[in-house]
Amino acid sequence: MSLCNRRQQSLWTIDKIVKSPHKDIDIPRRTINDHIWENLEKWADKTALVCGITNRSYTYNQLYKYSRNFAARLRTHLKIKEGDVVCIMMSNSPEYAVVALGALEAGAVVTTVNPIYTPHEVQRQIELSDPTLLIGQTETISCLKEALFLVKKNLPIITVKGSESTIPSGTISFEELALGDNVDHSVLKEVSRSFEDIAFLPYSSGTTGLPKGVELPHKQMVVNCLQQDVNTIRQYDETTSTNQDVTLNILPLYHIYGLTVILLHKLSIGSKIVTVPKFQPNTFINVLKEHPINMLYAAPPLILFLSSHPGVTEEHLASVKVIASGAAPLPTSDVIKLLEKTKPAVNFVNLYGMTECSPLVTAMSLGSNNYSTVGHAVSNTELRIADSELKPLGVNEVGELLIRGPQVMKGYRNNPEATKDAIINDGWYRSGDLGSIDKDGVVTITDRLKELIKVKGYQVPPAELEHILKEHPDVLDVAIVGVPHSRIGEYPKAFIVLKEGRKADVDGITSFVNKQVAEYKRVKEVMFLDALPRNPSGKILRRILKEKYC
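Residues numbered from 1 in each chain as written. Predicted model: local features only at pLDDT ≥ 70, side-chain atom pairs only at ≥ 80, totals over all residues. Heavy atoms only, no water.

A. How the structure looks around the overall build of the protein. Broken down by element type, the protein carries 16 helices and 27 strands. A globule of 550 residues ought to have a C-alpha radius of gyration of about 24 Å, and the protein, at 23 Å, matches this closely. In terms of overall dimensions, the protein has C-alpha extents of about 70 × 55 × 50 Å along its principal axes. Relative to its 550 residues, the protein shows a buried fraction of 59%. Pairs at least 24 residues apart make up 67% of the contacts formed inside the protein by residues separated by at least 6 positions. Surface accessibility of the protein: about 22900 Å² in total, with carbon and sulfur atoms responsible for 48%. Put simply, the protein has 62 plus and 61 minus side-chain charges, and the middle of one group is 2 Å from the middle of the other. (Helix = DSSP H or I, 4+ residues; strand = E, 2+ residues; numbered from the N terminus. Rg over C-alpha atoms; globule rule 2.2 N^0.38 Å. Buried < 20%, exposed > 50% of the residue type's maximum accessible area, 1.4 Å probe, protein only. Contact = heavy atoms within 4.5 Å. Areas by Shrake-Rupley, 256 points an atom, 1.4 Å probe, with all protein chains shown as cover. Lys, Arg positive; Asp, Glu negative; His and termini not counted. Charge placed at Lys NZ, Arg CZ, Asp CG, Glu CD.)

As structure tokens, this is what we get:
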């Protein structure tokens, strides 16, 4: 049945459950490694990954060989066994794929760490995940060593040295483990891992609390890749002898969005991935110029940069076929501004998901221009909107979005109480996001449930005020938080980043938003900052703003 015909039938059930309009997928009983290598022979000699800065690259054949080399050496030299946790603290690079796939091939569970974390932040993740082995690059080794000192552990550390000639003392060379010849892979026959075993252990962002280890089995990762392959949602062209789509990897691979949607999925379809280690405006613009990017996955700050920076022109985006944005709400005006720089055939799609869902939950269909929405549920996925007592709500009613599907996490590691709170009756995952679903099954996300500001008993969604302020001609970026108040509970405070060359005008900004909202929603205070604190996926860290300025 076509997507059009599925939409003509109501996606709402009598129990107020909303189905996906997309064809269900069959769920194979295989690991994510087996899934990625399933069609290796079709694109074995094509480039799998290339560094956008140095042009260092690996073909699919090399990626397969080196990741298996690394896996074998982990088993023989470092005695890694099934279920051991391997901690990776690296920025984006072609080697990230070798390390991650190699660790999985050895039977390990991979936990990923932000390479700009402090030793204290790394210490906490080491304490929670209890790794057997740490893997870093030259720039992160001192932090890993200090974190081990803080946690009073002595674990082996592998260094990916990149362009450096030597590795830090006391560490093991990745290159010597992975890039050699004549490695005996027979030890890998001993590895016993099933599709139900944990593959990745990322830690949730902690925007509303302390980070928790999210257990994602191989099955969930394979499912989320296959959900992106369904014809009615597919954003890529098939890899053939004459075609290979090129995907930009600027989103961090230690975050689930970059890890699944870019790295794992694009490797499974034979795409070429151009890695960029960190965002620097001139370097990023040069990568766009040097590499004909077809698929561009981004978070709102990058969309804002692409649309507003004069150095990004139509020429830089000439090869782009799809631009996808996820991780946080994005004003429609920013989308329109970016599309004015692209050719008419470019599709812009919003994606919605979260670490606990591997991450993809919904996606806009190609050709849609309803940019205030995040599209339909992906295949095999059911949605429900619930009130504060978790009773189901109906069409266009706003409440908490609940999700049920095969991509939902197994649970939070060693945290049964948090798991019980998150996954409730019959496997429904509580997203913590406020949203609504229209009669056609299209989802709109309005705000984070826990970030609502309570003014005189009324609920004020920060995103609503932020969207209005984004329309102000002087405002580049904005965050709204609730400030405690003895009489009214809380009031909204705006943190504003001005466009270059613009001057601060508190009265002008407050009157601009306040004349568009009810009295209880009015912004009472404005503070100007050079930049807003955000997590790696682009979500505003309101908690930091509150702690520092409120």
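B. Examining the pairing of strand E26 (residues 489-498) more closely. Among the 10 residues in E26, 9 count as buried, and that is most of the element. A loop of 3 residues connects strand E25 (residues 475-485) with E26, the two strands running antiparallel in sequence. The handedness of the E26 to strand E27 (residues 525-528) crossover, carried by helix H15 (residues 506-514), is right-handed. (Pairing = 2+ DSSP bridges. Right-handed = clockwise from strand over helix to strand, strands pointing away.)

C. Up close: the UniProt feature "domain: AMP-binding enzyme C-terminal" (unreviewed entry) in the protein. The UniProt record marks residues 464-539 with the feature "domain: AMP-binding enzyme C-terminal" (unreviewed entry), using the residue numbering of this structure. Taken end to end, residues 464-539 is 21% helix and 33% strand, and its first and last C-alpha atoms sit 15 Å apart. (UniProt positions renumbered as here; feature names shortened; annotations may be inferred.)

D. Spatial organisation of the environment of isoleucine 445. Structurally, isoleucine 445 can be placed in strand E22 (residues 443-448). The buried category is assigned to isoleucine 445, whose relative accessible area is 19%. Note: C-alpha distance between isoleucine 445 and proline 329 (116 residues apart in sequence) is 7.5 Å.

E. Fine view of unusual backbone geometry. Serine 358 connects to proline 359 through a cis peptide bond whose omega is 10°. At lysine 79, a position not held by glycine, the phi torsion is positive, near 60°. Inspection of the secondary structure puts lysine 79 in the loop between helix H3 (60-77) and strand E3 (85-89). Taking the relative accessible area as the measure of exposure, lysine 79 reaches 60% and is therefore exposed. Notably, leucine 390 is not glycine yet its phi reads approximately 65°, a positive angle. Within the secondary structure, leucine 390 sits in the loop between strand E17 (382-386) and strand E18 (399-404).

F. Representation of the packing of helix H14 (residues 462-470) against H15. The contact between H14 and H15 brings their axes to 9 Å, and the two run at 120°. Taken together, the axes of H14 and H15 are oblique relative to one another. The two elements H14 and H15 meet at a crossing, and its hand is right-handed. Contact with H14, carried on its side by Leu465, Ile468 and Leu469, involves Ile509, Phe512 and Val513 of H15 and no other residues of that element. Partitioning the contact of H14 with H15 into residue classes produces 6 nonpolar, no polar and no charged. (Axes fitted to C-alpha atoms, helices over the stretch in contact; angles between N-to-C directions. Parallel < 35°, antiparallel > 145°, perpendicular 65-115°, else oblique. Left-handed = near helix turned anticlockwise from the far one by under 90°. Nonpolar A, V, L, I, M, F, W, Y, C, P; charged D, E, K, R; others polar.)

G. Quick peek at empty space enclosed by the protein. Applying the stated criterion across every chain, the model contains 1 cavity of 30 Å³ or more. Roughly 80 Å³ of internal volume is contained in the largest cavity. When contributions to the lining of the largest cavity are tallied by element, the ones reaching two or more residues are helix H9 (256-268) and strand E15 (360-363). Looking at the lining of the largest cavity element by element, the count peaks at 3 residues for H9. Among the residues making up the lining of the largest cavity, the classes are represented as 7 nonpolar, 3 polar and 2 charged. (1 Å grid on protein atoms, 1.4 Å probe; cavity = no way out; pocket = protein on both sides within 12 Å on 5 of 7 lines; lining within 4 Å. Points joined across faces, edges and corners; volume = space filled by probe spheres on them.)

H. Region of interest: the packing of aromatic side chains. Under the criterion given, the structure shown has 9 aromatic pairs. Aromatic side chains tryptophan 43 and tyrosine 60 sit 6.3 Å apart centroid to centroid with 55° between the ring planes, which places their arrangement in the tilted category. Within this pair, whereas tryptophan 43 is found in the loop between helix H2 (32-37) and strand E1 (47-51), its partner tyrosine 60 is found in helix H3, the two being separated by 17 residues in sequence. On the accessibility criterion, tyrosine 60 (0% relative accessible area) is buried. Ring geometry for phenylalanine 279 versus phenylalanine 305: centroids 4.9 Å apart, planes at 85°, classification edge-to-face. With phenylalanine 279 in the loop between strand E11 (272-275) and helix H10 (281-290) and phenylalanine 305 in helix H11 (residues 300-308), this residue pair connects regions lying 26 residues apart in the sequence. Residue classification places phenylalanine 305 among the buried positions, given a relative accessible area of 12%. Taken together through their ring pairs, the aromatic side chains of Phe279, Phe284 and Phe305 make up a single cluster. Positioned above the aromatic ring of tyrosine 412 is the side chain of lysine 212, whose terminal nitrogen or guanidinium carbon lies 5.1 Å from the ring centre. Looking at arginine 234, its charged tip hangs above the ring of tyrosine 236, at a distance of 5.1 Å from the centre. (Phe/Tyr/Trp six-rings, centres within 6.5 Å; stacked < 30°, edge-to-face > 60°. Lys NZ or Arg CZ within 6 Å of the ring centre and 35° of its normal.)

I. Examining the sheet that holds strand E2 (residues 57-59) more closely. The 9 strands lie next to each other as E2-E1-E11-E10-E12-E13-E14-E15-E16, forming an open sheet whose pairing is mixed. In this open sheet, the two edge strands, each paired with only one partner strand, are E2 and strand E16 (376-377). Pairing of strand E13 (residues 322-325) with strand E14 (residues 347-353) involves 4 bridges; the strand directions are parallel. Note on E14: the bridge partner recorded for alanine 324 is valine 349.

J. Broad picture of the state of the cysteines. Here the structure, examined in full by the defined rule, presents 0 disulfides. Counting only cysteine sulfurs, cysteine 357 is the nearest neighbor of cysteine 225, a cysteine outside any disulfide, at a range of 15 Å. By relative accessible area, which is 0% here, cysteine 225 ends up buried. (Disulfide = S-S within 2.5 Å.)

K. Seen up close, the nonpolar core. Ranked by internal contacts, the top residues of the largest apolar core, which has 131 residues, are Ile135, Leu267, Leu296 and Ile403. In contact with leucine 267, other than residues within four places in its own chain, are Ile36, Trp43, Ala48, Leu49, Tyr60, Leu63, Ala97, Leu101, Ile262 and Ile273. (Core = buried A, V, L, I, M, F, W, Y, C linked by side-chain atoms within 4.5 Å.)

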